[in-house]
Amino acid sequence: MAKRRQNRARPAPKRRSTARKAPYVDAAVATEAEVKQGVKIPASLTVKQFADLIDMSAVEVIKQLMRNGMMANINEVIDHDTAVTVASDLGYKVLGEKGKGATSAKKIKKYERFSEDDTSVQKSRPPVVTIMGHVDHGKTSLLDAIRQTNVTATEAGEITQHIGAYQVDINDQKITFLDTPGHEAFTAMRAHGAKVTDIAILVVAADDGVMPQTLEAIAHARAAGVPIVVALNKVDKPDANPQRVKQQLADHDVLIEEWGGDVICIPVSAKKQEGISDLLENLLIVAELEDLKANPERNAIGVVIEAKLDKTRGALATVLVQTGTLRVGDPFIVGDISGKIKAMFNDKGKHLRKAEPASPVEILGMESVPKSGDTLTVTATEKEARIQAEKRQEEKRLALTTTKPLSLSNFFSRVSDGDLKELSIILKTDVQGSIEPIQTSLVRLNNDEVKVNILHSDSGSITEGDVLLALASNGIILGFNTRTEPGAVQIAENEGVDIRNYEVIYKLVDDVEKAVKGMLAPTYVEVIAGHGEVRAIFSARGNRVAGIYITEGKIIRGSQARIIRHSKTIFESSVNSLKRFKDDVKEVTSGFECGIGIEGYNDLEVGDIIESFRMEQS
Ligand code: GDP
């Protein structure tokens, strides 16, 4: 242990900058309902202009600039990026990314100021740890071993409940463990926008070495910017070969301390419960380097780890309190549901009156079941919670119709909008040998404005984990001579993740190059507006007119339309007339009847289905 303690004196590891202490809960986690106003930041402006713009005193702005290492007087001109950084430090939410290629103006929105920025009220909080690694390498066993070795005498008789997370005590400090091992769960949370984990334990079985899911776990932790601690498990086995594992890790750029890197590697045996305390003590050291802080004085903000409907108790959710103190009686919103904490329990099933930062608690008091990854925010009153919940529901409806996920074809326009400057790619190939040439060609496409970033590459089929990683990291998936697993297709379709499969390397690289240069022809997807069924045919001034009943959605005049007879498309053109009684109308919605004319087709029959659709750029 003495050797480890020396680490404390070392500067923070290179892999992550701790220079700027990001608040544990950043502005992006705040509720949309807290938005007060939006402002635009121009390319450059004086400190005074900037202070006026964000409605704050110039002194406050100067103080914040100083905290960021910049001395400036009130008339000094600051550039756009500095202004955006300071604005976000001062509690504004920045929409989009700053940086090169960005348009001169960025929209930002003002949030309720977080007391998080007030360092005087911040206190250290326990780290939140997730265990990842290849199947059968001992993730579950390790979680169990950690739980068992740290049961205090008073708790020994108590039955631990599975609530999705638990806390252990070590050297009078706490560590919170998320109880769902694996990078899929980790990334699924991230895909919902929740940054939950502070440290990832990478379990590698010493007798088996680095395996495909070990590599996936590394990629997922890196994409999230979470430091890794390696638990070299199963060292009790006679065929354990720790040196080989260390070599393999180094081959994948995970350099452990012994090899001159900064990744801590602890040999353990989950089965024999050996090395567990050493592992825990080292987690505390990493946590100290990460300088994890939160403000227990404020109203709580948390994130849902898991949730379910209990037959007798109603909607239950395990919430990890991220900042503030959560108390029984607190009104809150979670996702788009409002509620009030009726009761709270810890992982031993013990009633709690309050829960501090990084505590996992099971809560009662919601009308319906929230989703894992949803943010819980305590509000001042129950009424406010209700209003905010309604607003979120409305915003969700709006977002569904307006936001487009990233695709290779819309990448360049996102870059032009200043929205993006990096194309994150997950590359899956038929064989390992294909990875290197493709990667090299892709990385060569980097230019001043756009960087191609290979988040993860491996041989094998495209999995659900790959889709989740793409979703969480706003990336796309490129497959080369490989297949996409059905589960992955499903999630990709639901969430709009772009998967492209290629059989020729040249074509793959060419498409990415075109995307990066904004030359890729847009792809279109069909969006169905509605269906109608022909119920009657009659003549009007010598023309055959079809009377239809709208069964679903709506039929829009001018939209594209196809005629379906006996489940087969027999004609495709557009809706050229739409009449309700004698009036021309733009659209007719489900449950109504109307007369319809289809361009170039005069032989509609009773029973025909009319499908109205439009093509949208994906
Ligand atoms: P997971 O799939 O990563 O969650 O792995 P499990 O925790 O289910 O463990 C897989 C198998 O490895 C089980 O049969 C465990 O008993 C065994 N195992 C786990 N840890 C150790 C260990 O430290 N030593 C030995 N010998 N076996 C272990």
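So, a few notes on the structure that sits alongside this text. In this text, all values refer to a predicted model and were calculated from it rather than measured experimentally.

**With respect to the site of the ligand**
Alright, step 1. Around the ligand, 15 residues are found, and the nearest of them are Asp136, Lys139, Thr140, Ser141 and Asp236.
Alright, step 2. If the ligand stood free it would expose 580 Å²; the protein chains cover 74% of that surface.
Alright, step 3. Take the shell around the ligand: its biggest share by element is three residues, from helix α5 (residues 139-149).
Alright, step 4. Across the shell around the ligand, the residue classes tally to two nonpolar, seven polar and six charged.

**Focus on the packing of helix α6 (residues 183-191) against helix α7 (residues 212-224)**
Alright, step 1. For the pair α6 and α7, the least separation of the axes is 10 Å and the interaxial angle reads 25 degrees. When the interaxial angle is binned, α6 and α7 end up roughly parallel. Seen from above, α6 lies across α7 with left-handed handedness. Contacts between α6 and α7 involve His183, Glu184, Phe186, Thr187 and Arg190 from the former and Gln213, Glu216, Ala217, His220, Ala221, Ala223 and Ala224 from the latter.

**Brief notes about the pattern of salt bridges**
Alright, step 1. Per the counting criterion, the structure on display carries 23 salt bridges.
Alright, step 2. A salt bridge links Lys237 to Asp207, with the nearest nitrogen and oxygen atoms 3.1 Å apart. Linking Lys237 in the loop between β11 (228-233) and α8 (242-251) with Asp207 in the loop between β10 (199-205) and α7, this pair joins segments that are 30 residues apart in sequence.
Alright, step 3. The salt bridge involving Lys517 is made with Glu513; its shortest N-O contact spans 2.7 Å. Of the two residues, Lys517 and Glu513 are both situated in helix α15 (residues 505-517); the distance of four residues between them amounts to about one turn of the helix.
Alright, step 4. Looking at Glu513, the relative accessible area reads 27%, which means it is partly exposed.
Alright, step 5. Through salt bridges with shared partners, a single ionic network connects Arg562, Glu572 and Glu611.

**Describing the sheet that holds strand β9 (residues 173-178)**
In a beta sheet, neighbouring strands are held together by backbone hydrogen bonds and run either parallel or antiparallel to one another.
Alright, step 1. Pairing is mixed in the open sheet, where six strands are placed in the order β8-β9-β7-β10-β11-β12. A single partner strand is all that each edge strand has here, and the edge strands are β8 (165-170) and β12 (264-267). Strand-to-strand twist in this sheet, taken as the mean axis angle between neighbours without regard to direction, amounts to 30 degrees.
Alright, step 2. In terms of strand pairing, β11 meets β12 through four bridges, oriented parallel. Across the sheet, the residue bridging to Leu232 is Pro267, located in β12.
Alright, step 3. The sheet strands contacting α7 are β7 (128-133), β10 and β11, and the helix crosses β10 at an angle near 170 degrees.
Alright, step 4. Contacts from α8 reach β10, β11 and β12 within the one sheet, and its direction differs from that of β11 by about 150 degrees.

What counts, and at which threshold
- Residues numbered from 1 in each chain as written.
- Predicted model: local features only at pLDDT ≥ 70, side-chain atom pairs only at ≥ 80, totals over all residues.
- Heavy atoms only, no water.
- Near = heavy atom within 4 Å.
- Areas by Shrake-Rupley, 256 points an atom, 1.4 Å probe, with all protein chains shown as cover.
- Helix = DSSP H or I, 4+ residues; strand = E, 2+ residues; numbered from the N terminus.
- Nonpolar A, V, L, I, M, F, W, Y, C, P; charged D, E, K, R; others polar.
- Axes fitted to C-alpha atoms, helices over the stretch in contact; angles between N-to-C directions.
- Parallel < 35°, antiparallel > 145°, perpendicular 65-115°, else oblique.
- Left-handed = near helix turned anticlockwise from the far one by under 90°.
- Contact = heavy atoms within 4.5 Å.
- Salt bridge = Lys/Arg side-chain N within 4 Å of Asp/Glu carboxyl O.
- Buried < 20%, exposed > 50% of the residue type's maximum accessible area, 1.4 Å probe, protein only.
- Pairing = 2+ DSSP bridges.

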